[in-house]
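Chains, contacts and geometry: an overview
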Amino acid sequence: MTTQTNLVKEGENPGDPGTSQPSHGLKAGLKNRHLSMIAIGGVIGAGLFVGSSGGIAAAGPAILLSYALVGAMVVFVMRMLGEMAAASPDSGSFSSYAERALGRWAGFSIGWLYWFFWVVVLAVEATAGAVILEGWVPAVPQWGWALIVMVVLTATNLVSVSSYGEFEFWFAGVKVVAIGGFVVIGLLAVFGLLPGSDNPGAGLAHLTDTGGFFPKGAGAVLTGVLMVVFSFMGSEIVTLAAGESEDPRRAVTKATNSVIWRIGVFYLGSIFVVLTLLPWNDASIVKKGSYVAALDSIGIPHAGQIMNVIVLTAVLSCLNSGLYTASRMAFSLGERGDAPKAFARVNGKGVPAVAIWASVAFGFVAVYFNYAFKDTVFTFLLNSSGAVALFVWLVICLTQLRMRGILMREAPERVTVRMWCFPYLTWATAAMILFVLVYMLFDDANRQVVLLSVLVAAVVVAVGVVVDRRHRTARKV
């Protein structure tokens, strides 16, 4: 197993920046085009399509600042993670780096919390997809659709990593084309350049003509931050997937360098279009959803069904990547001795089948809880995993502060991506994440989420400390 300060894994050439074969049995089945699309599509979750209307209603046009603040935070976190991942690609990503930089307890804790987050997401996304599919084919009950979706994507992940990559390539491709087309068509309509558009083409007037840019006050920007922060979760998936790619360091470097324009176009660009096509308080934004309302204002027929197809694609993409991510984190934990050793076994196709089955089994159980105990057990699962995204980002900040020194001592030639203004911007990002967590405690809608998430995190950290001490005692003996 890799020691805390040893960055060079068995079978790697420490001076070779192009080491492409992942160690430990996983196969390099992801092509560069797969990684590129996973990186681009990874920031476009179903939350962007479904949850943006609530943020607009809460903050008005100022929600753009909320997206910009969270987007900047994600850019900085991805830069830190990119620095570590480009230097030492690993299927455990930030969990492995936390173990090396902060101690075994840190890698154990954040790895299991991240796994927990994604297996709960499996249930959320499977149910969301089932709702849409039941609307199209009501003869199949909602739970039946959820089961079908889970089974199909489990089979995809079990076949090979390349099949996961191929599915995700097309899922992400649909999202990218849809958002890109929405932004282009929307901007043409905004400035009255779209032939046949029903929108009056008010230009930028809607940003200030209904109560100004801050209709709910400047403080609403922070409320908006709480509402949009979780829609950004998933950007870090590419650093886990890079370990099974043809050229991990190149893939991570490319993904890290492109994260700014990806967030700028897909998040800020699309929300900007919605806010300039319609007044922020237009009732249709909440009633129909922000994107459907915007498309309706242009005069595009069947906008609701078009958006349902896109949302379903986003849901399937998130489900596909969630299962992949949870299984690879379980695999890494098993490999490091922090999970059952069976999790670290791979089959003849280089797929960690046991880790996949374990992850999907919990996902199936969570789906059952969502139907049988929605207001009790499932609500607890949902709330207790809600702030894990922020915990992960905070750990990445703290890990990078330590890893920079380790990297520069052991393999400075591997530091091909560097965090800007180190260490000041790293500390500032960590402070911003802590501020968001503390602010959640004073927000009625988020207080329970952060308290339950902290409770679960405290239990996992306590277990991690005990496990760490036992391993240290065993080594001394």
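What counts, and at which threshold
Residues numbered from 1 in each chain as written. Predicted model: local features only at pLDDT ≥ 70, side-chain atom pairs only at ≥ 80, totals over all residues. Heavy atoms only, no water. Helix = DSSP H or I, 4+ residues; strand = E, 2+ residues; numbered from the N terminus. Rg over C-alpha atoms; globule rule 2.2 N^0.38 Å. Areas by Shrake-Rupley, 256 points an atom, 1.4 Å probe, with all protein chains shown as cover. Lys, Arg positive; Asp, Glu negative; His and termini not counted. Charge placed at Lys NZ, Arg CZ, Asp CG, Glu CD. Salt bridge = Lys/Arg side-chain N within 4 Å of Asp/Glu carboxyl O. Buried < 20%, exposed > 50% of the residue type's maximum accessible area, 1.4 Å probe, protein only. Patch = residues over 30% accessible without salt bridge, like charges linked within 9 Å, V, L, I, M, F, W, Y side chains within 5 Å. Expected span 1.5 Å × (residues − 1). Axes fitted to C-alpha atoms, helices over the stretch in contact; angles between N-to-C directions. Parallel < 35°, antiparallel > 145°, perpendicular 65-115°, else oblique. Left-handed = near helix turned anticlockwise from the far one by under 90°. Contact = heavy atoms within 4.5 Å. Nonpolar A, V, L, I, M, F, W, Y, C, P; charged D, E, K, R; others polar. pLDDT = per-residue confidence, 0-100.

Bringing the overall build of the protein chain into the picture now. Regarding its fold elements, the protein chain presents 18 helices and zero strands. In terms of overall dimensions, the protein chain is globule-like: its C-alpha atoms have a radius of gyration of 22 Å, near the 23 Å expected for 477 residues. Principal-axis analysis of the C-alpha atoms places the extent of the protein chain at approximately 75 × 55 × 40 Å. Entry remark: accessible area of the protein chain is about 18300 Å², with carbon and sulfur atoms responsible for 68%. Looking at the protein chain, you have 32 positive and 26 negative side-chain charges, and the mean spots of the two groups are 7 Å apart.

Turning our eyes to something else, we now look at the pattern of salt bridges. Counted according to the given criterion, the structure contains eight salt bridges. The partner of arginine 328 in a salt bridge is glutamate 244, and the shortest N-O contact between them spans 2.8 Å. Of this pair, arginine 328 sits in helix 13 (residues 303–335) while glutamate 244 is found in the loop between helix 9 (237–241) and helix 10 (248–277), placing the two residues 84 residues apart along the sequence. With a relative accessible area of 0%, glutamate 244 lands in the buried category. For aspartate 296, the salt bridge goes to lysine 288, with nearest N and O atoms at 2.9 Å. The class of aspartate 296 is partly exposed, set by a relative accessible area of 31%. By relative accessible area, which is 44% here, lysine 288 ends up partly exposed.

Let us look at a nonpolar patch on the surface. Together, Val184, Leu187, Leu188, Phe191, Leu193 and Leu204 line one region of the surface with nonpolar side chains, adding up to about 530 Å² of accessible area. Examined against the element boundaries, leucine 204 turns out to sit in the loop between helix 7 (161–190) and helix 8 (220–228).

What follows covers helix 3 (residues 63–87). Over its 25 residues, helix 3 extends 36 Å from the first C-alpha to the last, a length consistent with the 36 Å expected when each residue adds 1.5 Å. The element helix 3 is largely enclosed, with a buried count of 20 among its 25 residues.

Position of aspartate 443 among the secondary structure elements: in the loop between helix 17 (424–441) and helix 18 (447–476). The class for aspartate 443 is buried, based on a relative accessible area of 16%.

What follows deals with the packing of helix 4 (residues 93–102) against helix 16 (residues 388–410). Relative to each other, helix 4 and helix 16 sit at 55 degrees, their axes nearing to 9 Å. For the element pair helix 4 / helix 16, the angle class is oblique. When the axes of helix 4 and helix 16 are compared, the crossing they make is left-handed. Between helix 4 and helix 16, the contacting residues are Phe94, Tyr97, Ala98, Arg100, Ala101 and Leu102 on the first element and Val392, Val395, Ile396, Leu398, Thr399, Arg402, Met403 and Ile406 on the second. Each residue belonging to the contact of helix 4 with helix 16 can be placed in one class, and the counts come to 11 nonpolar, one polar and two charged.

This part takes up the confidence of the model for the protein chain. Taken residue by residue, the protein chain gives an average pLDDT of 86. The fraction at 70 or more is 94%. Note that pLDDT drops below 50 for residues 1–5; the model gives that stretch 13 contacts with residues more than four away or on any other chain. pLDDT under 50 marks residues 8–23. Its contacts with residues more than four places away, or in other chains, come to 35 contacts.

Cis peptide bonds are those with omega within 30 degrees of zero, and the linkage from phenylalanine 422 to proline 423 qualifies with 0 degrees. Structurally, proline 423 is set in the loop between helix 16 and helix 17. Positive phi, close to 45 degrees, is recorded for serine 93, a residue that is not glycine. Topologically, serine 93 is positioned in helix 4. In this model, histidine 302 sits at a positive phi of 55 degrees, which is unusual for a non-glycine residue. Within the secondary structure, histidine 302 sits in the loop between helix 12 (290–298) and helix 13.

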